[in-house]
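The primary structure of each chain is shown beneath.
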Amino acid sequence: MVANFKSPIQGFFKGLIVSCQAPIDSPLHDPLVIAAMAQASVNQGAVAVRIDTPAHVEAVRRQCPTTPIIGLWKQQLPGFDVYITPQFHHAEAIAEAGADIIAIDATLRQRPEGETVETLIARIHDELGKLVMADVDTIENAIASQKAGADIVGTTLYGYTDPTQHLSPPGFDLLSQIVEQLDVPVICEGGIASPQMAQEALKRGADAVVVGTAITGIDLQVKAYQKAILIASEKTKVD
């Protein structure tokens, strides 16, 4: 590793990282809007942002030149379940766009062209000079990602893979296991829906907390409210 590898995460500890993303069919899925979300988050004290796609990372980097960016690129590849920065060329594009840290799917699921978590992390370190955040779903994959060289481990995929599909985020139990068994920084991500839940993550030893939908997910939030209101309205009619 290069000497300055740890510098982007020095200010993370016990802080809030805001995931500024939007569905591809949303009017919010625009680089300028995502950059505005990021700037608003930083203005209110966010220590970093998590951003999807090269275009959005580039826009946020221009808007927030000194803000640490955790970058990723979600890609649905035919025949494969991995989708968070699944291959090296995706990581390369995110790095070139200005991300400080590259988030990858660090489950042991197959990926194209024989790439593995180990080879992907090694290439990101050696060829791009970037830190790697390993998004995991289980303690086994968390341990494996640390052995593979991950610099940060996150609970991001808890509840979103076949082995964990019966579980609902946030993965507080997984978080506790990772904190106890690993010696790299740990980020709690997924399902944090209130300030109180963020506090609970920190109490359980998280070095930082990522919040997305609860802060920036206008589409999903409105949809949830509308569904609740519709159910209440139908119940009132029946009563």
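Only a predicted model underlies this, so the values are computations on that prediction, with no experimental measurement involved.

About the thresholds
Residues numbered from 1 in each chain as written. Predicted model: local features only at pLDDT ≥ 70, side-chain atom pairs only at ≥ 80, totals over all residues. Heavy atoms only, no water. Helix = DSSP H or I, 4+ residues; strand = E, 2+ residues; numbered from the N terminus. Buried < 20%, exposed > 50% of the residue type's maximum accessible area, 1.4 Å probe, protein only. Contact = heavy atoms within 4.5 Å. Areas by Shrake-Rupley, 256 points an atom, 1.4 Å probe, with all protein chains shown as cover. Lys, Arg positive; Asp, Glu negative; His and termini not counted. Charge placed at Lys NZ, Arg CZ, Asp CG, Glu CD. Pairing = 2+ DSSP bridges. Right-handed = clockwise from strand over helix to strand, strands pointing away. Phe/Tyr/Trp six-rings, centres within 6.5 Å; stacked < 30°, edge-to-face > 60°. Lys NZ or Arg CZ within 6 Å of the ring centre and 35° of its normal. Core = buried A, V, L, I, M, F, W, Y, C linked by side-chain atoms within 4.5 Å. Salt bridge = Lys/Arg side-chain N within 4 Å of Asp/Glu carboxyl O. Disulfide = S-S within 2.5 Å.

1. What about the overall build of the protein chain?
A tally of helices and strands in the protein chain yields nine helices and eight strands. In terms of overall dimensions, the protein chain has a C-alpha envelope of 65 × 40 × 40 Å along the principal axes. Burial analysis of the protein chain (239 residues in total) assigns 51% to the buried set. Taking all contacts inside the protein chain whose residues are at least 6 apart in sequence as the whole, residues at least 24 apart take part in 59%. Per element, the accessible surface of the protein chain, about 11,700 Å² overall, is 55% carbon and sulfur. One way to put it: in the protein chain the 17 positive side-chain charges average out to a point 6 Å from where the 28 negative ones average out.

2. Here we look at the pairing of strand β1 (residues 15–19)
Counting buried residues along β1, four of its five residues qualify, which places the element largely inside the surrounding structure. Of the strand pairs in this sheet, β1 and strand β8 (residues 208–211) are connected by four bridges, and their pairing is parallel. Bridge assignment links Leu16 to a residue of β8, and that residue is Val209. As paired strands, β1 and strand β2 (residues 48–52) are joined by three bridges and run parallel to one another. Paired with Val18 across the bridge in β2 is Val49. In this fold, the crossover linking β1 to β2 by way of helix α1 (residues 31–43) has right-handed handedness.

3. Details of the packing of aromatic side chains
As enumerated under the stated definition, the model contains zero aromatic pairs in all. The aromatic ring of Phe88 is capped on one face by Arg123, whose charged end is 3.8 Å from the ring centroid.

4. Some points on the pairing of β8
Along any regular strand the residues' side chains alternate between the sheet's two faces. Residue alternation in β8 divides its side chains into two sets, Ala208 and Val210 and Val209 and Val211, and both sets are buried. Inspection of the sheet shows strand β7 (residues 186–189) paired to β8 by three bridges, in the parallel sense. Within the sheet, the bridge partner assigned to Ile187 lies in β8 and is Ala208. As a crossover connection, the stretch from β7 through helix α7 (residues 195–203) into β8 is right-handed.

5. Things to note about the nonpolar core
Counting 53 residues, the largest nonpolar core has Cys20, Ile51, Val60, Ile102, Ile124, Val153 and Ile178 as the members making the most contacts within it. Discounting residues that sit within four places of it in the chain, Ile51 has contacts with Cys20, Ile34, His56, Val57, Val60, Ile69, Ile70, Gly71 and Leu72. Counting residues in hydrophobic clusters, the runner-up holds 15 residues, among them Ile84, Ile101, Ala103 and Leu131.

6. As for the pattern of salt bridges
Under the counting rule described, the total for this entry stands at eight salt bridges. Across the pair Arg50 and Asp135 runs a salt bridge, and its minimum N-O distance is 2.7 Å. Here Arg50, found in strand β2, pairs with Asp135, found in strand β5 (residues 131–135); they are 85 residues apart in sequence, far enough to count as distant. Assessed through its relative accessible area of 0%, Asp135 is described here as buried. One salt bridge in this structure joins Asp100 and Arg61, with 2.8 Å as the shortest N-O distance. Of this pair, Asp100 sits in the loop between α3 (88–97) and β4 (101–105) while Arg61 is found in helix α2 (residues 54–63), placing the two residues 39 residues apart along the sequence. For Arg61, a relative accessible area of 17% gives the class buried. Each of the salt bridges in this network shares a partner with another, and the network as a whole consists of Arg50, Asp135 and Glu189.

7. Observations regarding the state of the cysteines
Throughout the structure, instances matching the rule amount to zero disulfides. Counting only cysteine sulfurs, Cys64 is the nearest neighbor of Cys20, a cysteine outside any disulfide, at a range of 8.2 Å. For Cys20, a relative accessible area of 0% translates into the label buried. Unpaired in this structure, Cys188 has its nearest cysteine sulfur neighbour in Cys20, at a distance of 18 Å.

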